[in-house]
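# Tertiary structure, described
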Amino acid sequence: MADNARVTGWIGWIWFAGMIMIMAGLFNVLTGLLAIIHDDLYVPAAGRLLAFDISGWGWIHLLLGIVLTVTGVALSLGQGWARVAGVVLVMLNAVTQMAWIGVNPWWSLIVIALDVVVIYAIVVHGGEARALSD
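Every value quoted in this text rests on a predicted model; they were computed, and no experiment measured them.

How each quantity is defined
- Per chain, residues are indexed from 1 in the order of the written sequence.
- Local features in this predicted model are restricted to residues of pLDDT 70 or higher, and side-chain atom pairs are both shown and tallied only at a pLDDT of 80 or more, whereas totals for entire chains, interfaces and linings draw on every residue.
- Derived side-chain values reflect all non-hydrogen atoms in the structure, with water molecules and hydrogen atoms excluded from consideration.
- The helix count covers DSSP runs of H or I at least four residues long, the strand count covers runs of E at least two residues long, and both are numbered beginning at the N terminus.
- A simple rule labels every residue: compare its accessible area, found with a 1.4 Å probe on the protein chains alone, to the largest value its type can have, and call it buried under 20%, exposed over 50%, or partly exposed in between.
- The contact rule is simple, with two residues in contact once any of their heavy atoms fall within 4.5 Å.
- Computed by Shrake-Rupley with a 1.4 Å probe, the accessible areas treat only the displayed protein chains as cover when residues are assessed.
- Every helix has an expected span of 1.5 Å times one less than the residues it contains.
- Axis angles are defined between N-to-C directions and span 0 to 180 degrees, where every axis is a line fitted to C-alpha atoms and, for a helix, only to the segment in contact.
- Roughly parallel means an angle under 35 degrees; roughly antiparallel means over 145; roughly perpendicular covers 65 to 115; every other angle is labelled oblique.
- Left-handed describes a crossing in which the near helix is turned anticlockwise from the far one by less than a right angle; the clockwise case is right-handed.
- As a working rule, the residues Ala, Val, Leu, Ile, Met, Phe, Trp, Tyr, Cys and Pro are called nonpolar, Asp, Glu, Lys and Arg charged, and the rest polar, with Gly in that last group.
- Any Phe, Tyr or Trp ring, taking Trp's six-membered ring, that has another such ring centre within 6.5 Å forms a pair; planes under 30 degrees apart are called stacked, those over 60 apart edge-to-face, and the others tilted.
- Residues enter a nonpolar core if they are buried and are Ala, Val, Leu, Ile, Met, Phe, Trp, Tyr or Cys, with the set joined through side-chain atoms within 4.5 Å.
- Pairing of N or O atoms within 3.5 Å defines a polar contact, subject to two protein rules: one partner must be a possible hydrogen donor and the other a possible acceptor, and residues neighboring in sequence count only if both atoms are side-chain atoms.

Scanning the protein from terminus to terminus reveals 4 helices and 0 strands. Secondary structure elements of the protein, listed N to C terminal, follow the sequence α-α-α-α. Here the protein, with 134 residues, has 44% of them falling under the buried criterion. Considering only contacts within the protein whose residues lie at least 6 apart along the sequence, 74% involve residues at least 24 apart. Per element, the accessible surface of the protein, about 7300 Å² overall, is 74% carbon and sulfur.

What follows is the structure, encoded as structure tokens:
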């Protein structure tokens, strides 16, 4: 399936998605570092986190944040591979936020909502960013 080479005003959605991915990645990096260094600052409700302790989730957030930030930059630059990687990473970010929801519920819900908007922007309007980079 060929991408539509026409660029419309919707290109802003792709840049929005890229910037949100960068911002979410940086937030994940900060959250991850905080959970690793000061795991006593987060107080999880009993049985709310899946499979790992707070430091374990901190490492997951740190690594995901780094990859999410790099992919967000690549998406903003119109790299084709970043569209597929971006959708996968943003979906993975939403899943990790579901697991983190017991520790920080309001923040997790906001991030999940933004992840849905980013996935929409990438899937529906991602071809326009590639047309700009050609």
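Between its first and last C-alpha, helix α3 (residues 80–100) extends 30 Å over 21 residues, near the 30 Å set by a 1.5 Å rise per residue. Every buried residue of α3 is listed here: A82, R83, G86, V87, L89, V90, N93, A94, T96, Q97, A99 and W100.

A word on the packing of helix α2 (residues 54–76) against α3. In contact at an axis separation of 10 Å, α2 and α3 are set at 155° when each is read in the N-to-C sense. When the interaxial angle is binned, α2 and α3 end up roughly antiparallel. Pair α2 / α3 crosses with left-handed handedness. Of the residues belonging to the contact of α2 with α3, the class tally is 16 nonpolar, 6 polar and 1 charged.

What follows deals with the packing of aromatic side chains. Counting across every chain of the model gives 3 aromatic pairs. Note on F27 and W107: the rings are 5.2 Å apart at their centroids and 70° apart in plane angle, and the pair reads as edge-to-face. Linking F27 in helix α1 (residues 11–37) with W107 in helix α4 (residues 105–133), this pair joins segments that are 80 residues apart in sequence. Aromatic rings pair up to connect W13, F16 and Y120 into one cluster.

What follows concerns the nonpolar core. Membership of the largest hydrophobic core comes to 18 residues, with the highest contact counts inside it found for A17, M21, L68, L75, V118 and I122. Elements that contribute at least two residues to this core include exactly α1, α2, α3 and α4. When near neighbours in sequence (up to four residues on either side) are disregarded, V118 contacts A17, I20, M21 and V90. The next biggest cluster of nonpolar side chains, apart from the first, holds 6 residues, and it includes A35, I54, W57 and V103.

Examined against the element boundaries, A85 turns out to sit in helix α3. Accessibility expressed as a relative area gives 21% for A85, which makes it partly exposed. On a C-alpha basis, the gap between A85 and V67 in space is 9.5 Å, while along the polypeptide they are 18 residues apart.

Position of T71 relative to the elements: it lies in helix α2. Here V67 takes part through its backbone oxygen, which lies 2.9 Å from a polar atom of the side chain of T71. If we skip the residues at most four places from it in the chain, T71 touches M21, W81, A82, A85, G86 and L89.

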